[in-house]
Amino acid sequence: MAGRSVVIIGAGQAGSDTAAALRAQGFTGSITLVGDERHPPYQRPPLSKGYLTGATLREDLLLRPETFYPAQDIELLCGDEAVGLDREIRSVTLRSGRELRYDTLVLATGARPRRLPVPGADLPGVLTLRGADDSDTLRARLADGGRTLDLAVVGAGFIGLELAATARKLGHRVTVVEALPRALQRALSPEMSAHLSTEHQRRGVRLLLRREVTELLAGATGEVRALRLNDGELVPADLVVVGIGVLPNVDLAVGAGLAVGDGILVDEHLRTSDPDIHAIGDCARFPSPHAGRPVRLESVQNATDQARTVAAAVCGAGEPYTAVPWFWSEQYELRLQIAGLTAGHDQAVVAGDVEQGRFSVFCFREGRLTGVESLNRAADHGISRRLLAAGTDLTPEQVARPGFDLKHLARQAT
Ligand SMILES: Cc1cc2nc3c(=O)[nH]c(=O)nc-3n(C[C@H](O)[C@H](O)[C@H](O)COP(=O)(O)OP(=O)(O)OC[C@H]3O[C@@H](n4cnc5c(N)ncnc54)[C@H](O)[C@@H]3O)c2cc1C
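These numbers were taken from a predicted model, which means no experiment stands behind them.

Trainee: Please explain the pattern of salt bridges as it appears in this structure.
Mentor: Where side chains of opposite charge bring their charged atoms close, a pairing between them can arise. By the definition in use, this model includes 29 salt bridges. Ionic pairing is found between Glu-233 and Arg-211, a salt bridge with its closest N-O pair at 2.5 Å. A residue pair is termed long-range when its members are at least 10 positions apart, and Glu-233 in the loop between β14 (224-229) and β15 (234-236) and Arg-211 in the loop between β12 (206-208) and β13 (213-218) qualify at 22 residues. By relative accessible area, which is 17% here, Arg-211 ends up buried. Taking the shortest distance from any N to any O, the salt bridge between Arg-271 and Asp-267 comes out at 3.0 Å. Its relative accessible area of 33% is what places Arg-271 among the partly exposed residues.

Trainee: Quick question: what am I supposed to make of unusual backbone geometry here?
Mentor: Leaving glycine aside, a negative phi is the common case for residues, and trans is the common case for peptide bonds. At Leu-184, a position not held by glycine, the phi torsion is positive, near 50°. With respect to the secondary-structure elements, Leu-184 resides in the loop between β11 (173-177) and α7 (190-202). Residue Leu-270 is not a glycine yet carries a positive backbone phi of 65°. Structurally, Leu-270 can be placed in the loop between β18 (264-265) and β19 (277-279).

Trainee: How should the sheet that holds β12 be read in this particular structure?
Mentor: The strands making up a sheet associate through hydrogen bonds between their backbones, and the pairing can be parallel or antiparallel. Taking strand neighbours across the sheet as the criterion, the five strands line up as β9-β16-β10-β11-β12 in an open arrangement whose pairing is parallel. Where the open sheet ends on each side, the last strands, each with one partner, are β9 (126-127) and β12. Sheet contacts for helix α5 (residues 132-143): β9 and β16 (239-242); angle to β16, the most-contacted strand, approximately 150°. Against the sheet, helix α6 (residues 158-169) touches β10 (150-154), β11 and β16, its axis set at about 165° to β11.

Trainee: Whenever I open this one, the packing of aromatic side chains confuses me. Can you help?
Mentor: Inspection of the entire model under this criterion finds five aromatic pairs. Look at Trp-326 and Trp-328: their rings are 6.3 Å apart centre to centre, the planes differ by 40°, and that puts the pair in the tilted class. The class for Trp-328 is buried, based on a relative accessible area of 18%. The lysine or arginine in question, Arg-64, covers the ring of Phe-68, its NZ or CZ lying 5.4 Å from the ring centre. Against the face of Tyr-332 rests Arg-203, its NZ or CZ located 4.4 Å from the ring centre.

Calculation notes
- Going along each chain's sequence as written, the residues are numbered from 1 onward.
- For this predicted model, a pLDDT threshold of at least 70 governs which residues receive local features, and a threshold of 80 or more governs which side-chain atom pairs are given and counted, while totals over whole chains, interfaces and linings are taken from all residues.
- Calculation of side-chain values draws on the structure's entire complement of heavy atoms; hydrogens and water are dropped beforehand.
- Here a salt bridge means any side-chain nitrogen of Lys or Arg lying within 4 Å of a carboxyl oxygen belonging to Asp or Glu.
- Helix numbers and strand numbers start at the N terminus; a helix is a DSSP run of H or I with at least 4 residues, a strand a run of E with at least 2.
- Note on exposure labels: buried denotes an accessible area under 20% of the residue type's maximum, exposed denotes more than 50%, and partly exposed covers the range between, all computed with a 1.4 Å probe on protein chains only.
- Any two strands with at least two DSSP bridges between them are considered paired.
- In this analysis, two residues are considered to be in contact whenever any of their non-hydrogen atoms come within 4.5 Å of each other.
- All axes here are fitted lines through C-alpha atoms, helices being fitted over the stretch that makes contact, and every angle between N-to-C directions spans 0 to 180 degrees.
- Only rings of Phe, Tyr and Trp enter the pairing, Trp through its six-membered ring, and a pair is recorded when the two centres are within 6.5 Å. The plane angle decides the type: under 30 degrees is stacked, over 60 is edge-to-face, the rest tilted.
- Look at NZ for Lys and CZ for Arg. If either is within 6 Å of the ring centre and within 35 degrees of the ring normal, a charge sits over the ring.

This is the structure we're talking about:
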């Protein structure tokens, strides 16, 4: 391994974790980690939650202390961007003009927010939330001299709803506009999305479903002032945050002729169509044994576990990526955890205390458990992850039985 060089493009969760995992697994060659943001690698989850309220400090965002990289002999290049990739000579060109030769290249370029395709989408006061700089801008606007603002959030996905919860905590008036018939439709069961919608409405969020934004209108200052919806309603807005999903950053891969299709396509070892190049994290579409098809997952766990798999591959262990996916979201005091994949299920069984907001939704496809959504039930989540990893034979009938207790069942099985 000595003398070999690994270049990692994208100094986010997946990129930083790859560099760390390579050293932890004994890689002694050179490691260069390139990030286009000016910050050392940091975590994104607090950006829509505690960081906006001030509960999470800037230094707590960092994934690793800045001293970690030199101490581990990892060259960290922040504020530079990979703009070219020549696979023939195995070289990456940076915007600064520097050229980096590699034996193994890891693309961990993440994703960027989709823009709203309507007139007025580029007005001042229309924001998206992906990086620390976006969160700083939003935080300053939400503080805005203690004024109560009209905040319009476009998109009732995780980022939109987390932001709505944070803004309500800060006392702002919040309207969420969603084109689909229910909140979190692509990510959650109808049971869980109904519960979360009710909780948001109970706390004063105006949730407009099946409504589309057709135009953003400016006020006298030139800043955004309102949203026009498809039924003609005007929603007042001092500030608009667009949270309508992301696009994977694939430009480098496309330019170099790698196979791409809503993400950089990789095999079960996370290798792209070029065996010397891996792609991981939000930018990669991989064959998931849990989904039974190629998927692109946007979660910290996926980025971290894929980083470890690639580091192991570089160090000579050829294990396929089979980790059970999991994800969490925090909205108000509600902690949602998802184990496995629940999209595409054909049967859902609810267990626990829905009234008290402590329950889990067990999602099955053709009688097989594919995922479990747990609200304020951390134990269910932990056990579900283990069951899914082991290939559980839990049936919908078992879950539906009166007195069903997952902890009890797990104890019996061990
Ligand atoms: C506001 C917010 C809240 C979230 N909350 C949760 C949560 O609660 N739970 C959870 O599991 N997940 C959450 N996520 C998702 C999670 O943060 C991502 O899945 C994870 O960061 C993906 O890691 P990544 O390394 O693939 O991408 P990123 O962390 O986005 O890192 C990619 C990096 O590559 C850089 N880059 C791109 N192109 C280039 C280039 N050509 N040259 C150099 N650098 C480049 C990007 O600027 C970026 O810094 C959240 C995400 C956001 C934005």
